[in-house]
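Tertiary structure, described
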Amino acid sequence: MVDTICMLPWESFTVTMNNNFRPCCRFQTTEGVLAEDYDEAFKQLRRDMLAGKKDSRCRKCWEEEACGQPSMRTHANEFHGLEFKKEWLTENFRKPVHIELSIDNTCNLQCRMCSSRFSSKLLKRDKWLVENHDHLDFHVAKVEKSRYETLKDMKIDWSELRSVKLLGGEPFLSPNFLDFLYFLDMRTEISKVNLEIVTNCTMKMTEEITEILNQFKYVYLYGSFDGLPEHSMYQRVGSDWYQNFDHFLEYGELLKNRQMSVHQTFTVINVSHIDEALELYKPHTDTVSWSYDDYKFSFLQAPDWFEEWVLSRTNNKKLRGIFKSRKYDHIGWHRTLHTIDTFDRYYNTSLEKANPELHEALRINTKRYVDAHKRPPTRDCYYCDLIDEM
């Protein structure tokens, strides 16, 4: 039978910003359900996994494994002890061994690929986009109460909890961060719990935070840096790469039992320099990981020339495997180009300064497209207008 089991639907849940529950962060937010419906909603998924069927919602893990890379699934199965539990698995959820949540959306950065759902700092920008560029399809998010408040109201057996992953907003800036850690401390033995934190490294670590973090069994700290310094500061608007990376190194000195990692998000903006970006952080970290944006700045909707140009600059096996699922989306690609230009005007930034090679490649190939583009006789062409604006 094909190995398709992932322990996460049995022993894990991720709380969305709408306070809905899903098996892991790689499931679309729309897949989330109310907490009381979680067990029932994913019974078919568990049945299919036990029957050796692959679920399309797990495609990112299948992509990684197809390239010979470890995936979230393989890591989860090792951590949760699949080999010892497999014969006792049924269609029913057990109890939480791992949970993942964004405590709230309190943040101090305005990352281009992010939204007001995950960053309070983006509320003004997203309102402006809706009012002035509604065709770019941005939305102003209404964020529900803190995920921590949701968990407080639930009757959960925390006795087997062994892993917690905290996302942002920015955890170190959140007014709920310490409260949540103390909440866990009162309900389980945190000395047995691994704590995973994803941070933008803009904040110094206080003594109080350091003290309680060092009570956890192990801290896996992921600093979010997206590529080379200029690319990262361009993509993560408001960040200072040099200061933030100093903070990251300082965290490593303050924490006792820890693994220090850098996680990068690659987009149209920075994927052209993936090799240099991965090498940059290796001497300073225990691990380097990366993922790709499949939303507003996804390179999987790019035209053929973009794939050929990027892959001519890298031999990264994982990236080559991911590009196999690329499908040119004419509308999506030109919307991305227009969004880049609109953001540059809004933030008073310049793609040309941040990534001149990409800027030149876009200029040349967009000109070729414009020259070849046949404008309709009526001149009523939405994408002609986008091209003119760029």
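Provided above is the structure to which this section pertains.
Residues numbered from 1 in each chain as written. Predicted model: local features only at pLDDT ≥ 70, side-chain atom pairs only at ≥ 80, totals over all residues. Heavy atoms only, no water.

1. Overview of the sheet that holds strand β10 (residues 287-292)
The condition that has to hold: Two strands are counted as paired when DSSP detects at least two bridges linking them. Put simply, DSSP marks the helices as runs of H or I at least four residues long and the strands as runs of E at least two long, and each gets a number from the N terminus on. Note on definitions: a residue-residue contact is assigned when non-hydrogen atoms from the two residues lie within 4.5 Å. Each axis is a line fitted through C-alpha atoms, and for a helix only the stretch in contact is used; angles between axes span 0 to 180 degrees, taken between their N-to-C directions.
Pairing is mixed in the open sheet, where eight strands are placed in the order β2-β1-β3-β5-β6-β7-β9-β10. Edge positions in the sheet fall to β2 (21-22) and β10, since each has one partner strand and no second. Two elements, strand β5 (residues 163-167) and strand β6 (residues 194-199), share four bridges in a ladder whose sense is parallel. Note that in β6 the partner of V164 across the bridge is L195. Relative to strand β9 (residues 258-266), helix α12 (residues 241-254) is tilted by about 155 degrees, and along the sheet it contacts β6, β7 (218-224) and β9.

2. Focus on empty space enclosed by the protein
Rules: Lining residues are defined by having an atom within 4 Å of a point belonging to a cavity or pocket. Those points lie on a 1 Å grid over the protein atoms alone, cavities being sets where a 1.4 Å probe fits but cannot get out and pockets being open sets with protein on both sides within 12 Å along at least five of seven lines. Grid points are joined across faces, edges and corners, and a volume is the space filled by probe spheres set on the points. Each residue gets one of three labels, nonpolar for Ala, Val, Leu, Ile, Met, Phe, Trp, Tyr, Cys and Pro, charged for Asp, Glu, Lys and Arg, and polar for the others, Gly among them.
Per the counting criterion, the structure on display carries two cavities of 30 Å³ or more. A volume near 100 Å³ is recorded for the largest cavity. Forming the walls of the largest cavity are 13 residues, and the residues nearest its centre are C6, C24, F27, C58 and C61. For the lining of the largest cavity, the secondary-structure elements that each account for two or more residues are α1 (8-11) and α4 (59-66). Here the lining of the largest cavity is composed, by residue class, of 10 nonpolar, no polar and three charged. As a volume, the second largest cavity reaches approximately 40 Å³.

3. Notes on the pattern of salt bridges
Put simply, the rule reads: When a carboxyl oxygen of Asp or Glu lies within 4 Å of a side-chain nitrogen of Lys or Arg, that pair is called a salt bridge. Under the scheme applied here, a residue whose accessible area is under 20% of the maximum for its type counts as buried, over 50% as exposed, and between as partly exposed, the area being computed with a 1.4 Å probe on protein chains only.
Following the criterion strictly, the structure yields 30 salt bridges and no others. D344 is the salt-bridge partner of R112, the closest N and O atoms lying 3.6 Å from each other. Of this pair, R112 sits in the loop between β4 (110-111) and α7 (123-132) while D344 sits in helix α16 (residues 330-347), placing them 232 residues apart in sequence. In this structure, R112 and D344 share a single accessibility class: buried. Note that D126 and R125 form a salt bridge whose closest N and O atoms lie 3.0 Å from each other. The pair formed by D126 and R125 is uniform in burial state, with each residue classed as buried. Ionic contacts of the salt-bridge type, sharing partners, join the residues E11, K85, R94, K95, D157 and E160 into one network.

4. Observations concerning the pairing of β7
Condition: If you view a crossover with the strands going away from you and the path from the first strand over the helix to the second runs clockwise, you call it right-handed.
With respect to burial, β7 is a largely interior element, five of its seven residues being buried. Relative to β7, β6 is paired through six bridges, and the arrangement is parallel. What sits directly across from N194, in β7, is Y218. As for the winding sense of the linkage, the β-α-β connection from β6 through helix α10 (residues 207-213) to β7 is right-handed.

5. Quick notes on the packing of aromatic side chains
Selection rule: Pairing of aromatic side chains here covers Phe, Tyr and the six-membered ring of Trp, requires ring centres within 6.5 Å, and sorts the geometry by plane angle: under 30 degrees stacked, over 60 edge-to-face, intermediate tilted.
Overall, the coordinates contain 32 aromatic pairs when judged by the stated rule. Between the aromatic rings of F225 and F248, the centroid separation amounts to 6.1 Å while the plane-to-plane angle is 85 degrees, which identifies the pairing as edge-to-face. Residue F225 is found in the loop between β7 and α11 (229-235), and its partner F248 is found in helix α12; the two are separated by 23 residues along the sequence. Relative accessible area serves as the criterion here: at 2%, F225 is assigned to the buried category. With a centroid separation of 5.5 Å and an interplanar angle of 20 degrees, the aromatic rings of F245 and F248 are classed as stacked. In this pair, F245 and F248 are both assigned in helix α12, three residues apart and thus about one turn of the helix distant.

6. Focus: unusual backbone geometry
If a residue is not glycine, its phi is most likely negative; likewise, a peptide bond is most likely trans. The peptide bond linking G168 to G169 adopts the cis configuration, its omega dihedral lying at 0 degrees. With respect to the element layout, G169 can be found in the loop between β5 and α9 (177-187). Unusually for a residue other than glycine, N348 sits at a positive phi of about 60 degrees. By secondary structure assignment, the location of N348 is in the loop between α16 and α17 (351-354). For N348, a relative accessible area of 71% gives the class exposed.

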